[in-house]
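# Architecture at a glance
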Amino acid sequence: MPEMTSGAAGTGKPTRPLGRLRLGVNIDHVATIRNARGGGHPDPLRAARVAEAAGADGITAHLREDRRHITDADIEALVSTISLPLNFEMAATDEMQAIALRHRPHAVCIVPEKREERTTEGGLEVAADENRLAHFIAPLREAGCRVSIFIAADRRQIEAAARIGAPVIELHTGAYCDAHADGRLAERDAELARLRDMAAYAHSLGLEVHAGHGLTYDTVSPVAAFPEVMELNIGHFLVGEAIFSGLDSAIRRMREVMDRARREAFGEGAA
Ligand code: PXP
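Every value quoted in this text rests on a predicted model; they were computed, and no experiment measured them. (Residues numbered from 1 in each chain as written. Predicted model: local features only at pLDDT ≥ 70, side-chain atom pairs only at ≥ 80, totals over all residues. Heavy atoms only, no water.)

With respect to the helices and strands, Met 258 occurs in helix α11 (residues 247-266). Note: C-alpha distance between Met 258 and Leu 23 (235 residues apart in sequence) is 8.8 Å. Apart from the residues within four sequence positions on either side, Met 258 is in contact with Leu 21, Arg 22, Leu 23, Val 220, Ala 224 and Leu 232. (Helix = DSSP H or I, 4+ residues; strand = E, 2+ residues; numbered from the N terminus. Contact = heavy atoms within 4.5 Å.)

This next bit is on the packing of aromatic side chains. Within the structure shown, the criterion is met by 1 aromatic pair. A centroid spacing of 4.8 Å and a plane angle of 80 degrees characterise the contact between Tyr 217 and Phe 237, whose relative ring orientation is edge-to-face. Linking Tyr 217 in the loop between β7 (208-212) and α9 (220-224) with Phe 237 in helix α10 (residues 236-245), this pair joins segments that are 20 residues apart in sequence. Grouping residues by exposure puts Tyr 217 and Phe 237 together as buried. One cation-aromatic arrangement involves Arg 155 over Tyr 201; the distance from NZ or CZ to the ring centre is 4.2 Å. If you follow Arg 253 out to its NZ or CZ, it ends over the ring of Tyr 217, 4.0 Å from the centre. (Phe/Tyr/Trp six-rings, centres within 6.5 Å; stacked < 30°, edge-to-face > 60°. Buried < 20%, exposed > 50% of the residue type's maximum accessible area, 1.4 Å probe, protein only. Lys NZ or Arg CZ within 6 Å of the ring centre and 35° of its normal.)

Our next topic: the side chain of Thr 216. When you line up the elements, Thr 216 lands in the loop between β7 and α9. One polar contact links the side chain of Thr 216 to the main-chain amide nitrogen of Asp 218, over a distance of 3.1 Å. Contact partners of Thr 216, with chain neighbours within four places excluded, come to Phe 237 and Met 254. (Polar contact = N/O pair within 3.5 Å; in protein donor to acceptor, adjacent residues only side chain to side chain.)

With that settled, consider the site of the ligand. Inspection of the region around the ligand gives 14 residues, with Glu 89, Glu 170, Gly 214, Gly 235 and His 236 positioned closest. Measuring from an oxygen atom of the ligand, one finds a side-chain N or O atom of Asn 26 at 3.5 Å. Here an oxygen atom of the ligand and a backbone polar atom of Gly 235 are 2.7 Å apart. For the ligand, the protein covers 95% of the area, taking 390 Å² as the surface of the free molecule. When atom positions are compared with the pocket grids, the ligand is found to occupy the largest pocket. Split into classes, the residues belonging to the shell around the ligand amount to 4 nonpolar, 7 polar and 3 charged. (Near = heavy atom within 4 Å. Areas by Shrake-Rupley, 256 points an atom, 1.4 Å probe, with all protein chains shown as cover. 1 Å grid on protein atoms, 1.4 Å probe; cavity = no way out; pocket = protein on both sides within 12 Å on 5 of 7 lines; lining within 4 Å. Sits in = over half its atoms within 2 Å of the grid points. Nonpolar A, V, L, I, M, F, W, Y, C, P; charged D, E, K, R; others polar.)

Okay, the sheet that holds strand β8 (residues 229-234) next. Pairing in this closed barrel of 8 strands is parallel, and the strands run β1-β2-β3-β4-β5-β6-β7-β8 around the ring. Direction aside, the axes of adjacent strands within the sheet are offset by 25 degrees on average. Two elements, β7 and β8, share 4 bridges in a ladder whose sense is parallel. Bridge assignment links Gly 212 to a residue of β8, and that residue is Asn 233. Here helix α4 (residues 94-103) sits on the sheet in contact with β3 (86-90) and β4 (107-110), set at roughly 165 degrees to β3. (Pairing = 2+ DSSP bridges. Axes fitted to C-alpha atoms, helices over the stretch in contact; angles between N-to-C directions.)

So, on to the pattern of salt bridges. Applying the stated criterion to the full structure yields 18 salt bridges. Arg 22 is the partner of Glu 208 in a salt bridge, and the nearest nitrogen-oxygen pair spans 2.9 Å. In this pair, Glu 208 sits in strand β7 while Arg 22 sits in strand β1 (residues 22-26), placing the two residues 186 residues apart along the sequence. In this structure Glu 208 comes out as partly exposed when scored by relative accessible area, which is 26%. For the salt bridge of Asp 182 with Arg 184, the shortest nitrogen-to-oxygen distance reads 2.8 Å. A relative accessible area of 30% places Arg 184 in the partly exposed class. Three or more residues joined by partner-sharing salt bridges are found here, namely Arg 20, Asp 57, Arg 255 and Asp 259. (Salt bridge = Lys/Arg side-chain N within 4 Å of Asp/Glu carboxyl O.)

Any link to function would need more than the numbers given here.
In structure tokens:
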């Protein structure tokens, strides 16, 4: 499938990107493959080092309640060894809060978690749980962690994220990517328009905007071309692609596709 190009062109908006677009490489599924056999191979820590050498700006890892991929020991090793900032994904539970406060990672991303899901299926329901979440993230912020909230591109959720004092939101791109993969093109375009509008809306409320979930070489470009988006977190596709081309090459190519999208939307020097 061709890599789509789009972005700000044609929206009529005067746009310059708000800054350099960062790439966070999610290494969860390196741990998934390791855990399929037990033992230590492939090592997520080695993947983090390769990601750094390939130009990643950060490492993302999700410590799930059931420890199905990343383990406590992985987090320990990442925090003590890697020099890239760690984005620690976690559910809003007391156990995870205590772990985050012990390690004080650069960033914490609060995600919804269901034991029976294969991956993080939707965004966090912030609007219905505002009070608890406001209290939940306060100590993490006080500990110096940059807190982001993983949400659907939904006005209600964005407003709630701003009200609870989260400085950052990450928009869930899964519905857009699924529609693309299934060839539901009208739906894909509608999801993309929603993401674009909600990225602009979140920025207007003072939130820093990130995005991720399900992104591939084919789907990343339009999202990379949103001027408000400052960071993309990408994992499953890169780890899968690494089987064919190697992790270093997969990350470098993703970086190139992102940078090209930014340049095509905003001109040279805009990546
Ligand atoms: N961002 C968040 C908050 C996630 O939970 C995930 C998946 O763990 C990703 C990004 C990366 O998604 P994917 O592995 O599909 O690229």
